[in-house]
Amino acid sequence: AEKTVLIVYAHQSPKSFNCAVKDAAVKVFTDQGCKVTVSDLYAMNFRAVATADDVKGNLKNPEHFRYNEETSLAWKEGRLSDDIVEEQRKVEQADLIIFQFPLYWFNVPAILKGWIDRVLTQGFAYSLQNLYDNGLFKNKKAMLSFTTGGMESMYLPDGLNGDINVALWPLQNGALRFCGFQVLAPQIFWSPAHAPNDARVALLEAWKARLRGLLEEKPLSFAPTELFDL
Ligand code: FAD
């Protein structure tokens, strides 16, 4: 059946390498007959902060605002803010979500962190019964695709910055796998700003080649949830 791909994209400039990487993915998936949706977070002026404005109507406990409790109740009752509802609809429809961003402080840019904080609402994206291998999104795939300023050698386990996988753990395990996603290996574009143009063009070609087989890739393996007492 036709697959649906959501690209959650966080770069300010249409001239950026990140934009070229995103456009390559849109083209390859569209050519394959997939339905592709892009959430262009800066263009949408997406709100990054998790506040009481994310809930419509009366709060359950206005004395002590608890984001989790209030938003999960609002999700159940259809009272989440419209921008969150719209993103959740896109997540529901997606078979694969690609997060496309430049690495900021060993992490996602704040606007994308805000998407994670606000869209993956308790109840919608996870519950105490539905985590990791039993997660609500276990039939969906997700992956990180990002650029860095630093070179690959700096992100090796004995490199200046330390192992890139340490930086990826909170995102890949703490957020994506936590919600059940099958996490595909990250696509890392090392230091495109410091590479010659033909090297950048080659990186884009290699990305397109990977994209053509992406939906058939085996996900990363994590410790099976059954090993742990919940
Ligand atoms: P761009 O500068 O937009 O692009 C690079 C080059 O590619 C440009 O010359 C552009 O013209 C060219 N290009 C665009 N399109 C194409 C195309 N189609 N074909 C060929 N070439 C093209 N880095 C780290 O490693 N670790 C960090 O922790 C980190 N923290 C940061 C925190 C902040 C707040 C900021 C602002 C930056 C940080 N950086 C960090 C650096 C950041 O990750 C890089 O600047 C970013 O990843 C570069 O990607 P870009 O898309 O912005 O590159």
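Now for a quick tour of the structure.

The rules behind the values
- Residues numbered from 1 in each chain as written.
- Predicted model: local features only at pLDDT ≥ 70, side-chain atom pairs only at ≥ 80, totals over all residues.
- Heavy atoms only, no water.
- Phe/Tyr/Trp six-rings, centres within 6.5 Å; stacked < 30°, edge-to-face > 60°.
- Helix = DSSP H or I, 4+ residues; strand = E, 2+ residues; numbered from the N terminus.
- Buried < 20%, exposed > 50% of the residue type's maximum accessible area, 1.4 Å probe, protein only.
- Lys NZ or Arg CZ within 6 Å of the ring centre and 35° of its normal.
- Near = heavy atom within 4 Å.
- Polar contact = N/O pair within 3.5 Å; in protein donor to acceptor, adjacent residues only side chain to side chain.
- Areas by Shrake-Rupley, 256 points an atom, 1.4 Å probe, with all protein chains shown as cover.
- Core = buried A, V, L, I, M, F, W, Y, C linked by side-chain atoms within 4.5 Å.
- Contact = heavy atoms within 4.5 Å.

## Details of the packing of aromatic side chains
Item 1. Using the criterion set out here, one finds twelve aromatic pairs in the structure.
Item 2. Where Phe101 meets Phe146, the ring centres are 5.3 Å apart and the plane angle is 15 degrees; that geometry is what we call stacked. On the criterion of sequence distance, the pair formed by Phe101 in strand E3 (residues 96–102) and Phe146 in strand E4 (residues 141–147) is long-range, its members being 45 residues apart. Accessibility assignment for this pair places Phe101 and Phe146 in one class, buried.
Item 3. By way of ring pairs, the aromatic residues Phe17, Phe189 and Trp207 are connected into one cluster.
Item 4. Looking at Lys22, its charged tip hangs above the ring of Tyr9, at a distance of 4.8 Å from the centre.

## Some points on the site of the ligand
Item 1. Surveying the vicinity of the ligand reveals 20 residues, the closest of which are His11, Leu103, Trp105, Thr147 and Tyr155.
Item 2. The separation between an oxygen atom of the ligand and a polar side-chain atom of Asn18 is 2.8 Å.
Item 3. A distance of 3.0 Å is found between a nitrogen atom of the ligand and a side-chain nitrogen or oxygen belonging to Arg200.
Item 4. Contact with the protein chains hides 65% of the accessible area of the ligand, taken as 1,000 Å² for the molecule alone.
Item 5. Elements represented by at least two residues in the shell around the ligand include exactly helix H1 (17–31) and helix H6 (197–213).

## Let's talk about the nonpolar core
Item 1. Counting residues in each nonpolar core, the largest one holds 37 residues, and the members touching the most others are Ile97, Phe99, Phe101, Leu112 and Trp115.
Item 2. Counting only elements with at least two residues in this core, the list comes to strand E1 (4–9), E3, helix H4 (110–119), E4 and helix H5 (164–176).
Item 3. In this structure, Phe99 is in contact with Val8, Leu112, Trp115, Ala142, Met143, Leu144, Ser145 and Leu176, ignoring residues within four places of it in sequence.
Item 4. Listed in part, the 21 residues of the second largest apolar core include Phe17, Phe29, Leu184 and Leu211.

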